Amino acid sequence: DEQISSVGKKKKSSSSSRQRRNETVEISSIPIQVQVHVVHFDHQQRGDDSDQDRMFVRDLCRQYNLPFHCYYWRDYVSGNATTNTTSFTQDEARDWRRTTMIQLLQVLRGATTRNNDTAYNGMSQKKQNQILPGVIMTAHHLNDSEETVLLKLLRGVHISRLQGMEVVSTFHHPSSSSAALLARPLIQISKQNIKEFLLANNLNWREDYTNEEQKYLRNRVRNELLPLLEDLVGGRETLQKRLHNLEDQSRKVHDDVRVRVDVYLEKSGTNSTFFVLPHVFHARGSSFINGVDSTNNTLLYEFGLVQEEALHSWVQSQMGYNGTFSYQQLQRVCSQLRSYPTNTIWSLDIGNGWTVSRSRNILYFGKPGNK
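Keep in mind it's a predicted model, so treat the numbers as computed, not measured. (Residues numbered from 1 in each chain as written. Predicted model: local features only at pLDDT ≥ 70, side-chain atom pairs only at ≥ 80, totals over all residues. Heavy atoms only, no water.)

## Looking at the nonpolar core
Convention followed: For our purposes a nonpolar core is just a set of buried Ala, Val, Leu, Ile, Met, Phe, Trp, Tyr and Cys residues, chained together by side-chain atoms within 4.5 Å. Think of it in three bands: residues with accessible area under 20% of the maximum for their type are buried, residues over 50% are exposed, and the middle band is partly exposed, with areas taken using a 1.4 Å probe on protein chains only. Only runs of H or I of at least four residues qualify as helices and only runs of E of at least two qualify as strands under DSSP, and these elements are numbered from the N terminus. Two residues qualify as a contact provided that any one of their heavy atoms is within 4.5 Å of a heavy atom in the partner residue.
Formed by 25 residues in total, the largest nonpolar core has its most connected members in F275, L311, V333, I350, L363 and F365. Only α8 (236-268), α9 (305-319), α10 (327-339), β14 (345-351), β15 (354-359) and β16 (362-366) provide two or more residues apiece to this core. Here the element with the most residues in this core is α9; it accounts for six residues. What L311 contacts, discounting residues up to four positions off in sequence, is F275, F303, F325, L330, V333, C334 and L363. By size, the runner-up hydrophobic cluster in this structure holds 15 residues, among which are V39, F41, W73 and A180.

## Examining helix α6 (residues 191-200)
Inclusion rule: The arc in question is traced by the directions running from the helix axis to the C-beta atoms.
Residues of α6 that are buried: K191, I194 and L198. All buried residues of α6 fall inside an arc of 60 degrees around its axis, so they share one side. Opposite the packed face of α6, turned more than 90 degrees from it, sit the exposed residues L199 and A200. Elements that come into contact with the buried residues of α6 comprise α5 (142-155).

## Describing the packing of α8 against α9
To keep it simple, the criterion reads: Interaxial angles span 0 to 180 degrees and are taken between N-to-C directions of axes, which are lines fitted to C-alpha atoms, for helices over the stretch in contact. When an angle is under 35 degrees it counts as roughly parallel; over 145 it counts as roughly antiparallel; between 65 and 115 it counts as roughly perpendicular; any other value is oblique. Note that Gly is not counted as nonpolar here; it falls among the polar residues with everything else outside the nonpolar set of Ala, Val, Leu, Ile, Met, Phe, Trp, Tyr, Cys and Pro and the charged set of Asp, Glu, Lys and Arg.
At a closest axis distance of 9 Å, the pairing of α8 and α9 adopts a crossing angle of 80 degrees. Overall, the two elements α8 and α9 adopt an arrangement that is roughly perpendicular. On the side of α8, the interface is formed by H254, V257, R258, R260, V261, Y264 and L265, while α9 contributes L305, V306, Q307, E309, A310 and S313. For the contact of α8 with α9, a count of residues per class yields seven nonpolar, three polar and three charged.

## Brief notes about the pattern of salt bridges
The condition is simple: Put simply, a salt bridge is a Lys or Arg side-chain nitrogen that is within 4 Å of an Asp or Glu carboxyl oxygen.
This model, assessed by the stated rule, comprises 22 salt bridges. The shortest N-O distance in the salt bridge between R58 and D59 comes to 3.1 Å. With its nearest N and O atoms 2.8 Å apart, the salt bridge here joins R258 to D262. Placement of both R258 and D262 in helix α8 is noted, with a separation of four residues, approximately one turn of the helix. D262 gets classed as partly exposed once you look at its relative accessible area, which sits at 39%. Connected via shared salt-bridge partners are R46, D49, D53, R206 and D208.

See below:
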């Protein structure tokens, strides 16, 4: 049920593309030869309406001579032995799209053309080996990004991650080290402006009627919360500025701390298997510090903002796209460390089957279903 541009994700409003195959475009004044492919994911959840979406995109591709790739949900379920359920879920569908798009990039380009890509100039060799040549372009717009900020706020993410969607980011394969560049060329344009452009140019589009249903949290944020906030602050423009300011502050915090986090992770010896706790020190100057008797040679942990962010980054990397490590969960782990500094063996359930376990100065992460 999704319209995808240039190997991309959901496009709530599909329109005619003016780009042709092998057309030369300019990005930052650098001419680049591009070949555009269009991918459509048919989730087969809306009967005839899903069929009409697919045929609409297919006909546009024929009109503009663009390669068209179509994938069906039922084919994915029947051909995937690791799928635990035949019912449709948002998480499963998202992983399916991500896996399929990166696999398609691998087929279309391969590694042999990497050295000819100007987009990879300046990257380290390790980075080049991980990121596939080519760009996945999606039709996310400004409203989508604003919804993402509010969803993160509702879910209690860390303050350094209260940001919407980036114009360009790295798109990771859910189950491998492969990645691709993800671009959102419409992310600074509102849905209303896109509709006005389509109407002014007599271009047709289709909309997914389920976007108006209150079944999903994102839909409720879109249809209920955003209009309410706009009314409370005095209009859409004011709300947009305040969300932008929030994102800007969050990004600055993230960028400032991230440099120190990278240094800590490298020096501590933390890797994908375990997290190394910070160095300990002897309490000085008082018999009791934070309720711990320092006269008994008690060791305390230096666990500040950098260490917290490092731990958050490590746990989130373990979860991948299968979960979100909230600030509340982070504080539970940090509280365990601070409250029981001499307890070196424990396991903490942080929710939804995820666990963080300690063995001496090492933390391990447990995934749901793992023993």
